[in-house]
Amino acid sequence: MAEEILTPEVMEEFLESQRRRGIGSASLEAYRRNLKKLYDSLPGEKRLTAETGRVWKRQMEAQGIAPRSVNSRLSALNSLCEYLGRREFQIHDFLREEAVLQPELTRAEYLRLLQAARALEKERVYLLVKVLGGAGLRIQELPQLTVEAVRAGTVELRYHNGRCSRALRIPGELRGELLAYIRREGVTEGPVFRTAAGAPIARTYAVKLLQSVSGAAQVEAEKATPRCLWNMYCATWESILSSISVLADQAYDRMLEQEQRTAGWDA
């Protein structure tokens, strides 16, 4: 039976190939999460075969995983198989999904959250909104935003027991505000967002902090969440990259036109 061995190195090579194709950061992170789940589901030597997709699908259905999540993971498997040249391993029998509307936080609403936190003198909430929506830190990564990282200007984020990582730059204005905050709070090391005992704040508490200013900001509480801030951040970057891509295409076309006038067949 034809097979491929799935390793963390193979997954990273696949992700790099997708990055070179112009896949956005949000999609890359989704691929990474889904492939990690695939890897964890494989027994023994982590062999991919033509049966892998069907077996994994049955496992996920038995676990009661939502159809949308099942299909997202199977789609990641199919993309990986395409990259490996193993289209015969792909699965096309996806589950039917029910339409679920996700609340969308706009950039204007994000700014209103910042303004409300500032008006209410809730500096920690203000910085939390900026870190999640402005810098693109995910809520599960928040403990890795340390005093040391702020001083360095870059957060080295690690995943999967240190096998995978990415570096996230802290924008200059935000870094200055964070440095001022940790000086005033007397925090010398460890997580920036912490409890009185010095432990990282819990996800549920982070949501409570964000929603504490949603009313004053005239933003629905369901939108004042880490997920909505992350989605807004990703959508902003996708829009910027799309604009850059259009400009790059136009510049390339102008270059070709100039070359045609200089060295074209009928020049």
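Please read all numbers here as calculations on a predicted model, not as lab measurements. (Residues numbered from 1 in each chain as written. Predicted model: local features only at pLDDT ≥ 70, side-chain atom pairs only at ≥ 80, totals over all residues. Heavy atoms only, no water.)

This paragraph deals with the overall build of the protein. The helix and strand inventory of the protein stands at 11 helices and 4 strands. Structurally, the protein occupies a C-alpha span of about 65 × 60 × 35 Å along its principal axes. In the protein, which comprises 267 residues, the proportion classed as buried is 40%. The long-range fraction of contacts in the protein, counting pairs at least 24 apart against all pairs at least 6 apart in sequence, stands at 62%. When the accessible surface of the protein is totalled, it reaches about 15,600 Å², and 50% of it is carbon and sulfur. Distance between charge centres in the protein, computed from 39 positive and 35 negative side chains, equals 5 Å. (Helix = DSSP H or I, 4+ residues; strand = E, 2+ residues; numbered from the N terminus. Buried < 20%, exposed > 50% of the residue type's maximum accessible area, 1.4 Å probe, protein only. Contact = heavy atoms within 4.5 Å. Areas by Shrake-Rupley, 256 points an atom, 1.4 Å probe, with all protein chains shown as cover. Lys, Arg positive; Asp, Glu negative; His and termini not counted. Charge placed at Lys NZ, Arg CZ, Asp CG, Glu CD.)

To continue, consider the environment of Thr195. By secondary structure assignment, the location of Thr195 is in the loop between α8 (172-185) and α9 (203-211). The exposure class of Thr195 is partly exposed, given its relative accessible area of 34%. Distance from Thr195 to Leu80, taken between C-alpha atoms, is 41 Å for residues 115 residues apart in sequence. Setting aside anything within four residues of it in sequence, one finds Thr195 in contact with Pro200 and Ile201.

With that out of the way, let us pick up helix α3 (residues 52-62). By the burial criterion, the buried members of α3 are Thr52, Gly53, Trp56, Lys57 and Met60. Angular distribution of buried residues about the axis of α3 spans 125 degrees; they occupy a single face of the element. Among the exposed residues of α3, those oriented more than 90 degrees off its buried face are Arg58 and Ala62. Buried residues in α3 make contact with α2 (25-41), β2 (47-48) and α4 (67-84). (Arc of directions from axis to C-beta.)

Further remarks concern the packing of aromatic side chains. Applying the stated rule across the entire model yields 3 aromatic pairs. Ring centres of Phe14 and Tyr31 lie 5.4 Å apart, and the angle between their planes is 80 degrees; this geometry places the pair in the edge-to-face category. Of this pair, Phe14 sits in helix α1 (residues 8-20) while Tyr31 sits in helix α2, and the two are 17 residues apart along the sequence. Arranged with centres 5.7 Å apart and planes meeting at 65 degrees, the rings of Phe14 and Tyr83 form a pair that is edge-to-face. Taken together, the residues Phe14 in helix α1 and Tyr83 in helix α4 connect sequence positions 69 residues apart. (Phe/Tyr/Trp six-rings, centres within 6.5 Å; stacked < 30°, edge-to-face > 60°.)

Applying the stated criterion across every chain, the model contains 17 salt bridges. Here Arg32 ties to Glu12 by a salt bridge, and the two come within 2.6 Å at their closest N and O atoms. You can see Arg32 sitting in helix α2 and its partner Glu12 sitting in helix α1, a full 20 residues away along the chain. Taking the relative accessible area as the measure of exposure, Glu12 reaches 26% and is therefore partly exposed. Residue Arg86 is joined to Glu88 by a salt bridge in which the shortest nitrogen-to-oxygen separation is 3.0 Å. For Arg86, a relative accessible area of 21% translates into the label partly exposed. Look at Glu88 and you get partly exposed, because its relative accessible area is 43%. (Salt bridge = Lys/Arg side-chain N within 4 Å of Asp/Glu carboxyl O.)

On the surface, Trp237, Ile240, Leu241 and Ile244 cluster together into a nonpolar patch covering about 350 Å² of accessible area. Mapped onto the elements of the fold, Leu241 is located in helix α11 (residues 226-263). Judged by relative accessible area, which is 38%, Leu241 ranks as partly exposed. (Patch = residues over 30% accessible without salt bridge, like charges linked within 9 Å, V, L, I, M, F, W, Y side chains within 5 Å.)

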